[in-house]
Amino acid sequence: PAAAETAAAEPAAPAVKPIGFVTGNGYAPFADETLPGGGMMTQLVEMAIFRADPGIPYNLTFINDWQAHVDALLPSGAYDLSFPWIRPDCESTGMLSPGDQARCNDFVFSGPFYEIVDGFFAMRDSGLGSATKFADFEGKRICRPEGFTTGVLESAGLTAATITLTRPVEATDCFRALAAGEVDLVSIDAEVGDSALAELGLTAKVEQNPHLMTLLSLHVIAHKSNARAVEMIGQLDAGLIEMYESGEWYEIVSSALARNGAQP
């Protein structure tokens, strides 16, 4: 009985707080609650967690204000990790925008989960789809959704001094503006653009410029002030390597792209 009383008096081990992931909607085929498994990137991240350690507790929340992820939710510790984010060219000797510089200074990036082609979409009758140099876009009204790095524009010389930039919340907002004649170009990841056009029924009226594009990659990010989130980035990277080696990465990607009408 005395031993039993001693055991009962010992405090229970504290429960491990789940890792808090936050992503958002309107980013098909990568992240959206309406997609199978929450989208391709959601599936990749969840499998990477499992491969890192099946016992890691986590939860996943969709919050559509992407800018709030980096401005408030991760810095405050309300959530630990967010995805998918493009990594700016942090090693560049050129000037980064204040937003990209802050992203480089304040966040840790996972390894690349997926490479994307970032390009430009225009109305088929505009002639901009056949442009072969970025200078052809100077003086134009360009739409790029909020939260997307503007580094791809600035590195091409498309700065506030040379273009008019619009930053709505979702990709579909950009394409609605394009169809309405309110902007001349949409700057966005090709697969996200294709998904938005299909959703809006604009595929036949809009084309992607095949000459001017940038290869970028998608990552999970953690704020540097969050020690456990930074540690988790390392675990995700290890899980991602296992997925490459096992073939699981390709299975998830090929299935998601097939549903999206693309090829891996």
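Residues numbered from 1 in each chain as written. Predicted model: local features only at pLDDT ≥ 70, side-chain atom pairs only at ≥ 80, totals over all residues. Heavy atoms only, no water.

Visitor: What exactly am I supposed to notice about the packing of aromatic side chains here?
Guide: Summed over all chains, the structure comprises 12 aromatic pairs. Look at Phe21 and Tyr58: their rings are 5.9 Å apart centre to centre, the planes differ by 85°, and that puts the pair in the edge-to-face class. Of this pair, Phe21 sits in strand E1 (residues 19–23) while Tyr58 sits in strand E2 (residues 58–62), placing them 37 residues apart in sequence. Judged by relative accessible area, which is 2%, Phe21 ranks as buried. Aromatic side chains Phe120 and Phe137 sit 4.9 Å apart centroid to centroid with 50° between the ring planes, which places their arrangement in the tilted category. Of this pair, Phe120 sits in strand E5 (residues 114–123) while Phe137 sits in the loop between E5 and strand E6 (141–143), placing them 17 residues apart in sequence. One exposure class covers both Phe120 and Phe137, and it is buried. Each member of the aromatic cluster is reached from another via a ring pair, and the members are Tyr27, Phe30, Trp66, Trp85, Tyr114, Phe148, Tyr244 and Trp249. The ring centre of Phe109 lies 5.8 Å from the NZ or CZ of Arg87, which sits over that ring. (Phe/Tyr/Trp six-rings, centres within 6.5 Å; stacked < 30°, edge-to-face > 60°. Helix = DSSP H or I, 4+ residues; strand = E, 2+ residues; numbered from the N terminus. Buried < 20%, exposed > 50% of the residue type's maximum accessible area, 1.4 Å probe, protein only. Lys NZ or Arg CZ within 6 Å of the ring centre and 35° of its normal.)

Visitor: Any chance you could explain the state of the cysteines here in plain terms?
Guide: A full pass over the atoms with the stated rule returns 2 disulfides. Covalently, Cys90 is tied to Cys104 through a disulfide, its sulfur atoms 2.0 Å apart. Disulfide Cys90-Cys104: torsion about the S-S bond near -85°, hence left-handed. Placement of Cys90 in the loop between strand E3 (81–86) and helix H4 (98–106) and of Cys104 in helix H4 is noted, with a sequence separation of 14 residues between them. (Disulfide = S-S within 2.5 Å.)

Visitor: For this particular structure, what's the right way to read the packing of helix H2 (residues 40–52) against helix H8 (residues 227–246)?
Guide: Geometrically, a packed helix pair is captured by the angle between its two axes and the distance between the axes. At their nearest, the axes of H2 and H8 sit 7 Å apart, and the two run at 95° to each other. One way to sum up the angle between H2 and H8 is to call them roughly perpendicular. On the side of H2, the interface is formed by Leu44, Val45, Met47, Ala48, Ile49, Arg51 and Ala52, while H8 contributes Met232, Gln235, Leu236, Gly239, Leu240, Glu242 and Met243. Residue composition of the contact of H2 with H8, grouped by class: 10 nonpolar, 2 polar and 2 charged. (Axes fitted to C-alpha atoms, helices over the stretch in contact; angles between N-to-C directions. Parallel < 35°, antiparallel > 145°, perpendicular 65-115°, else oblique. Contact = heavy atoms within 4.5 Å. Nonpolar A, V, L, I, M, F, W, Y, C, P; charged D, E, K, R; others polar.)

Visitor: Help me understand the pattern of salt bridges in this model?
Guide: Oppositely charged side chains can form a pair if their charged atoms are brought close together. Applying the stated criterion across every chain yields a total of 8 salt bridges. The closest approach of N and O atoms between Lys133 and Asp136, which form a salt bridge, is 3.1 Å. Lys133 sits in the partly exposed class, given a relative accessible area of 45%. (Salt bridge = Lys/Arg side-chain N within 4 Å of Asp/Glu carboxyl O.)

Visitor: What should I look at first to understand the confidence of the model for the protein in this one?
Guide: Caution applies to low-pLDDT parts of the model: their predicted coordinates are not meant to be read in detail. Taken over all residues, the pLDDT of the protein has a mean of 90, while the share at 70 or more is 92%. Confidence scores differ between elements of the protein, with helix H1 (residues 2–9) showing the lowest mean pLDDT of 50 and E6 the highest of 98. (pLDDT = per-residue confidence, 0-100.)

Visitor: Would you explain helix H7 (residues 190–200) in this entry?
Guide: The periodicity of an α-helix, 3.6 residues per turn, causes residues three or four places apart in sequence to face the same way. Those residues of H7 not exposed but buried are Ala190, Glu191, Val192, Gly193, Ser195, Ala196 and Leu197. On its buried side, H7 packs onto E5, helix H6 (171–179), strand E8 (185–189), strand E9 (206–223) and helix H9 (248–259). Looking at where H7 begins, the residue whose side-chain oxygen comes 3.2 Å from the main-chain nitrogen of Glu191 is Asp189. Positive backbone phi, approximately 70°, marks Gly201, located one or two places after H7. (Polar contact = N/O pair within 3.5 Å; in protein donor to acceptor, adjacent residues only side chain to side chain.)

Visitor: In this structure, what is going on with the nonpolar core? I would like to understand it.
Guide: Taken as a class, soluble globular proteins show a tendency for nonpolar side chains to be buried jointly. Among the nonpolar cores identified, the biggest contains 73 residues, and Phe21, Phe30, Leu81, Phe137, Phe175 and Val220 are the most heavily contacted of them. Ranked by residues supplied to this core, first place goes to E9 with 7 residues. (Core = buried A, V, L, I, M, F, W, Y, C linked by side-chain atoms within 4.5 Å.)

Visitor: Is there a simple way to explain the pairing of E5 in this structure?
Guide: Both faces of the sheet carry side chains from a regular strand, because those side chains alternate between them. Here E5 lies mainly inside the structure; 8 of its 10 residues are buried. By the bridge criterion, 9 bridges tie E5 to E9 in an arrangement that is antiparallel. Looking across to E9, one finds that Met123 is bridged to Val206. Bridging between E5 and E8 involves 4 bridges; their strand directions are antiparallel. Along E8, the bridge assignment pairs Phe120 with Ser187. (Pairing = 2+ DSSP bridges.)

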